[in-house]
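Topology and contacts: notes
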Amino acid sequence: MSTRRNIGYNLAYRVFSMALPIVTAPYLSRVVGKDGVGLYSYTWGISTLFVLLGTFGLTDYGVRAIAREKEDPLRLNRTFSAIYRMQLVVAGAALLGYLVYALFIAGAEKVLALHMTMMSVACLVNLDWALMGLDQFKPIALKNTLVKLMAAACVFLFVKSAEDLWIYALVWSGSTLVGSLLTWTNLRGRVKFVAVPWKEAWRHLLPCMRLFLSVVAVNVYRTMDKVMVGAISGMGQNGLYENAEKIIFSLASIFSAVSAVRMPKMSSLYAKGDVAAVRRGLGVILEFFMCFSTMTAFGLYVQGEDFAVLFYGEAFRGSGLLLRYLGFSLILIALANAIRTHWILPRGKDHLVVISVTAGAVVNLVVNLMLIPSMGAMGAVIGTLAAESTVPLVQFLFLRREVNYRRNLRVWFFDILSAWAAAQVGLWVKAVVHLSDWWELVVQLLAMLLIYELLIDLRQLFTGMNLLSNAILPNQWRIRLPRGKSMSGEDEMLEGEEGCPQEDEPQPPDQQE
């Protein structure tokens, strides 16, 4: 299946799976209130930590390992069997740990925690990493979409009061397990279990552990912040923060969806020695990610508060204030994600992932401890922004001689300037146009998108860089312009992975002859 189709399927599924909880969020917010949302978020955050232990870095390591061996069926079967044998032991230990927490440690959240047990059980049977490594994104997307739809229907049918919060937890936890089980049918004929010694299985433990440490570090500031807000400032503040962060994660899932499809391809290209193609792929994805993230961040700054009131209800106006500033983390998430999945991981430099995200986690923990007691959820927002800034900064310190940051910075500056100008137009429209609720937001959004697209296209006319519309329109609708000098001084502009010219910049030291 082509990369474009895989991106389409995975993007649709990731956005859909993140959008469904958002669709149910206004209903849940009105039924259970701030305290109920905060309690659920607190319990879900703790459950997620055990799920991370159960998956143990396989989301990245497993995909990469399978992608590298998929051309050799014998090596593929042995690699798959060894990794899964290790997964059973690690996931089983995580499940036992979670049961100890749910039965003997949990307090007010005990009922919810017990109904979320199926999330840890799902880690035992989750083979999505194998399908993604084989470029089989369609079955994951279609089957999980069906399961999520059924889960959303159950929420509206059975959650009728604050006392039904356990049903909400059971539905989403159960859907995770069912989705994992359904993907097994699509592995038939593609891989098979073979007998491998424990020594071969444990060989994958150390590299998985490196990526696991990075995943844990990331979740210190993407999960533990909610736990800290709930524990320090109360469930009401955590409810506000949860609903604001839910919007951010839904938008950030676009980056994850695109990168999840492209990373196996980048790993395969690097394994073949085609470093130039990896560089071109990185350049293309950085441009797309920065265009999307800058406009989205400034758009949330303009519309965040009004959107939160209309979407969640007046009681969650505070979520809108948090959303206005939390939106800028999307720019930082996009940059770090692109470098990690298109350069660091394909080249096997897993230690850089660990170092960068650990630094971010430490910064986040320190800032949270300093600010949450006095500022509540807003302190967690500042901690998140500080952490997300640290990750790409550390990446830059290690990769500045390999990745041409100077060239990209000029492009990113124009993206940010264009988004800022579009936001000013949005604020002006907000002041002079007064329509009913959602229509006012729609008019503001259309005005900002029009200005932003116009400015990005003007950049194309004067600099030769890619049009934003060319990144999303079908081939027959794309605007064709003569080749010219780009902002970076290259003779030809980047058009995509297949049609890009070789870059003249030197290869990193480990690739030089």
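Below you will find a few notes about this structure. Not measured: the values here are computed from a predicted model.

Here we look at the overall build of the protein
When helices and strands are counted, the protein shows 19 helices and 0 strands. Among the 513 residues that make up the protein, the fraction classed as buried is 56%. The contacts of the protein with a sequence gap of at least 6 include a subset with a gap of at least 24, amounting to 81%. As displayed, the protein has an accessible area near 22000 Å², and 67% of this comes from carbon and sulfur atoms.

Remarks on the side chain of Glu 200
Looking at the element boundaries, Glu 200 is found in helix 9 (residues 198-202). A relative accessible area of 14% means that Glu 200 is categorised as buried.

Considering helix 15 (residues 329-344)
The end-to-end C-alpha separation of helix 15 is 21 Å, in line with the 22 Å expected for 16 residues at 1.5 Å each. Burial of helix 15 is extensive: 15 of the 16 residues sit out of reach of the surface.

So, the pattern of salt bridges
Within the structure shown, the criterion is met by 10 salt bridges. A salt bridge links Arg 78 to Glu 200, with the nearest nitrogen and oxygen atoms 2.5 Å apart. Of the two residues, Arg 78 sits in helix 3 (residues 73-105) while Glu 200 sits in helix 9, which places them 122 residues apart along the sequence. Notably, a salt bridge pairs Glu 314 with Arg 317, separated by 2.8 Å at the nearest N-O pair. The exposure class assigned to Arg 317 is partly exposed, which follows from its relative accessible area of 32%. Within this structure, Glu 305, Glu 314 and Arg 317 form a network of salt bridges that share partners.

Some words on the nonpolar core
Counting 116 residues, the largest nonpolar core has Trp 129 and Ile 339 as the members making the most contacts within it. The greatest single-element share of this core, amounting to 14 residues, is contributed by helix 12 (residues 235-271). Residue contacts for Ile 339: discarding those within four places in its chain leaves Leu 282, Leu 286, Ile 344, Gln 395, Leu 399, Val 403 and Tyr 405.

A short note on the packing of aromatic side chains
Per the counting criterion, the structure on display carries 25 aromatic pairs. Here Tyr 84 and Trp 184 contribute two aromatic rings whose centre-to-centre distance is 5.8 Å and whose plane-to-plane angle is 80°, an arrangement assigned as edge-to-face. Linking Tyr 84 in helix 3 with Trp 184 in the loop between helix 8 (165-182) and helix 9, this pair joins segments that are 100 residues apart in sequence. Seen in terms of ring centroids, Phe 298 and Phe 328 are 5.2 Å apart; in terms of plane orientation they differ by 90°. Their pairing is edge-to-face. Of this pair, Phe 298 sits in helix 13 (residues 275-312) while Phe 328 sits in the loop between helix 14 (317-326) and helix 15; the two residues are 30 residues apart in sequence, bridging distant segments of the chain.

Overview of the environment of Arg 222
As for its placement among the helices and strands, Arg 222 is situated in helix 10 (residues 205-222). It is 7.7 Å that separates the C-alpha atoms of Arg 222 and Thr 384, two residues lying 162 residues apart in sequence. For Arg 222, the contacting residues outside a window of four places in its chain are Glu 245, Phe 249, Ile 333 and Glu 388.

Brief notes about the environment of Ile 355
Tracing the chain through its elements places Ile 355 in helix 16 (residues 350-375). Placed 39 residues apart in sequence, Ile 355 and Val 394 show a C-alpha to C-alpha distance of 7.8 Å. Beyond its immediate sequence surroundings of up to four residues, Ile 355 is in contact with Val 394 and Phe 398.

The rules behind each value
- Residues numbered from 1 in each chain as written.
- Predicted model: local features only at pLDDT ≥ 70, side-chain atom pairs only at ≥ 80, totals over all residues.
- Heavy atoms only, no water.
- Helix = DSSP H or I, 4+ residues; strand = E, 2+ residues; numbered from the N terminus.
- Buried < 20%, exposed > 50% of the residue type's maximum accessible area, 1.4 Å probe, protein only.
- Contact = heavy atoms within 4.5 Å.
- Areas by Shrake-Rupley, 256 points an atom, 1.4 Å probe, with all protein chains shown as cover.
- Expected span 1.5 Å × (residues − 1).
- Salt bridge = Lys/Arg side-chain N within 4 Å of Asp/Glu carboxyl O.
- Core = buried A, V, L, I, M, F, W, Y, C linked by side-chain atoms within 4.5 Å.
- Phe/Tyr/Trp six-rings, centres within 6.5 Å; stacked < 30°, edge-to-face > 60°.

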